[in-house]
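# Remarks on the overall topology
Next come the chains, spelled out residue by residue.
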Amino acid sequence: MLRPQFDRLSPEEKRPIMERLAAQYRLDFVRMEHFGRWGQHCTTGIFKKDGREFVFVPGDTVILGWEQFAAGLNQESREELEYLFREWEMERDPTELIGESMAPVRRAAIGPMLVGRELEEINWEPVKLDDPRLRPEWLEDFRQFALTDRNSLTLVGRARFERDGDSWQASLYHEVDYPDFQNRLQKQGFSLPTADEWAYLCGGGCRTLFPWGDGLDYSMRLHWFEDMDEDENRPYDMEEPNFFGLSIAYDPYMREVVQADRLTTCGGDGGCNICGGLGPFLGFLPCSPHCKPEVQEDNALNGNYDFYRPIVRIPLEKKD
């Protein structure tokens, strides 16, 4: 169940372990799959339950947090920061500037988990168009909107209508409180990852600023900075599965809710840096696995920015 030992097993040796996990946690075992990205690799099991896909992630003891470059800031990122420093008419050391946003270096023992592969919405409930809770005035707004060629109408804090091929999907918005949401997840048999668990799922214990290196990789198609109209259905590069098979930390606007005493998020800042015109490097810095978790001002979840990833922690068997 721990990565150093798990990685030494063949796929044939791993399969019965995955099948036992499926039976124990009432999941459907789908297949074994190999994931490799940014120099890290894992061959593991894929599961399904209630339409969700889960992946088994082995545990490990890793170093998390950041205090200096492991390989050095790449030239493109350095030039971008130097340009910003000139615009701000200030002199800053990039290490010092980045370090202000990073969590301290620490050693963390991470247990094995079954992890939801995709982020999920919290505040939105899919409903049918004839749901009586959809008010007549909302439906009238929708009917007028449906005559256009646009694909999504959001009535803030109320309802949303999204084009789905030749039909439409309606959703209702609900106010959700963080402690209540945690309790609801627990009753379903799931948890949220802690900030340390999230950092491991995102970076796998990498010592570079991002999983791929110390600077932003400008060859990647980046959300909010790349026009995808020519290939709308292709995921952005950071959205593709990582070395654990997870789609994680790919959009700074999407904050990932983690387990804590107060509402805390990782993996994005709600787009604050991008909206502030700070460019792609600082825009995506909150997606670093080492970025400080952000404790929000209150416990009200925001359906436009807050998302979650269900996990199941797997206790390690105690040896005599």
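Keep in mind the model is a prediction, meaning the values are calculated, not measured. (Residues numbered from 1 in each chain as written. Predicted model: local features only at pLDDT ≥ 70, side-chain atom pairs only at ≥ 80, totals over all residues. Heavy atoms only, no water.)

## Considerations on empty space enclosed by the protein
We count it as follows: The way it works is a 1 Å grid over only the protein atoms, where trapped points that fit a 1.4 Å probe form a cavity and open points with protein on both sides within 12 Å along at least five of seven lines form a pocket, and then any residue with an atom within 4 Å of a point lines it. Grid points are joined across faces, edges and corners, and a volume is the space filled by probe spheres set on the points. Residues were grouped as follows: Ala, Val, Leu, Ile, Met, Phe, Trp, Tyr, Cys and Pro as nonpolar; Asp, Glu, Lys and Arg as charged; and all remaining residues, including Gly, as polar. Strands are runs of DSSP state E lasting at least 2 residues, helices are runs of H or I lasting at least 4, and numbering of each runs from the N terminus.
Following the criterion strictly, the structure yields 3 cavities of 30 Å³ or more and no others. Space inside the largest cavity adds up to approximately 70 Å³. If you go around the largest cavity, the residues you meet are Trp38, Cys202, Phe210, Pro211, Trp212, Met238, Asn242, Ile248, Ala249 and Cys287. Grouping the constituent residues of the lining of the largest cavity by class yields 9 nonpolar, 1 polar and no charged. Quantified by volume, the second largest cavity comes out at close to 60 Å³. Lining the second largest cavity, in full, are Ala103, Arg106, Ala195, Trp198, Ala199, Cys266, Gly267, Pro286, Ser288, Pro289, Cys291 and Pro293. Sorting elements by how many residues they give to the lining of the second largest cavity places helix H7 (residues 195-203) first, with 3 residues. Among the residues making up the lining of the second largest cavity, the classes are represented as 9 nonpolar, 2 polar and 1 charged.

## Points about the sheet that holds strand E8 (residues 124-127)
Threshold: Two strands pair if DSSP finds at least two bridges between them. A fitted line through C-alpha atoms serves as each axis, taken over the contacting stretch for helices, and the angle formed by two N-to-C directions is quoted from 0 to 180°.
Spatially, 4 strands are ordered E8-E11-E10-E9 in an open sheet, and the strand pairing comes out antiparallel. Looking at which strands have only one partner, the edges of the open sheet turn out to be E8 and strand E9 (152-155). Pairs of neighbouring strands in the sheet enclose a mean axial angle of 25°, with direction left out of account. Where E9 meets strand E10 (residues 159-164), 4 bridges bridge the pair, whose relative direction is antiparallel.

## Let's talk about the packing of aromatic side chains
Just so we agree on the cut-off: Two rings belonging to Phe, Tyr or Trp (six-membered ring only in the last case) form a pair when the distance between their centres is within 6.5 Å. Interplanar angles under 30 degrees mark stacking, angles over 60 mark edge-to-face geometry, and anything in between is tilted. Three exposure classes are used, based on accessible area relative to the maximum for each residue type with a 1.4 Å probe and protein chains only: buried under 20%, partly exposed in between, and exposed over 50%.
All told, the structure shown has 17 aromatic pairs when counted by the stated rule. Each ring, one from Phe54 and one from Phe190, has its centre 5.6 Å from the other, and the planes form 15°; the classification is stacked. Of this pair, Phe54 sits in strand E3 (residues 52-57) while Phe190 sits in the loop between helix H6 (178-187) and H7, and the two are 136 residues apart along the sequence. With respect to class, Phe54 is no different from Phe190; both count as buried. Arranged with centres 4.5 Å apart and planes meeting at 15°, the rings of Phe142 and Phe161 form a pair that is stacked. Of this pair, Phe142 sits in helix H5 (residues 136-146) while Phe161 sits in strand E10, and the two are 19 residues apart along the sequence. Members of the aromatic cluster, joined through ring pairs, are Trp38, Phe210, Trp212 and Phe281.

## A short note on the layout of surface pockets
Of the voids in this model, the largest pocket is the one considered here, and its volume is about 840 Å³. In terms of lining residues, the largest pocket is bounded by 23 residues, among which Glu121, Ser152, Arg160, Glu162 and His223 are the most central. Residue assignment for the lining of the largest pocket shows that the elements contributing at least two residues are strand E7 (120-121), E9 and E10. It is E10 that contributes the most residues to the lining of the largest pocket, 3 residues altogether. Looking at the lining of the largest pocket residue by residue, the classes come out as 8 nonpolar, 6 polar and 9 charged. Size it by volume and the second largest pocket reaches roughly 460 Å³. Lining the second largest pocket are 15 residues; nearest its centre among them are Met1, Ile17, Pro315, Leu316 and Glu317.

## A word on the sheet that holds strand E15 (residues 294-295)
Ordered in space as E7-E17-E13-E14-E15, the 5 strands form an open sheet in which the pairing is mixed. With one partner strand each, in any of the chains shown, E7 and E15 form the two edges of the open sheet. One ladder, built from 2 bridges, connects E7 with strand E17 (residues 306-308); its direction is antiparallel. For Glu121, the partnering residue across the bridge sits in E17 and is Phe307.

## A closer look at the pairing of E3
Judged by how many residues are buried, E3 sits mostly within the fold: 5 of 6 residues are covered. Linking strand E2 (residues 40-49) to E3, which pair antiparallel, is a turn of 2 residues; within it Asp50 sits at a positive phi near 50°. Examined bridge by bridge, E3 and strand E6 (residues 113-116) share 4 bridges and lie antiparallel to one another. Bridge pairing in E6 links Phe54 to Gly116.

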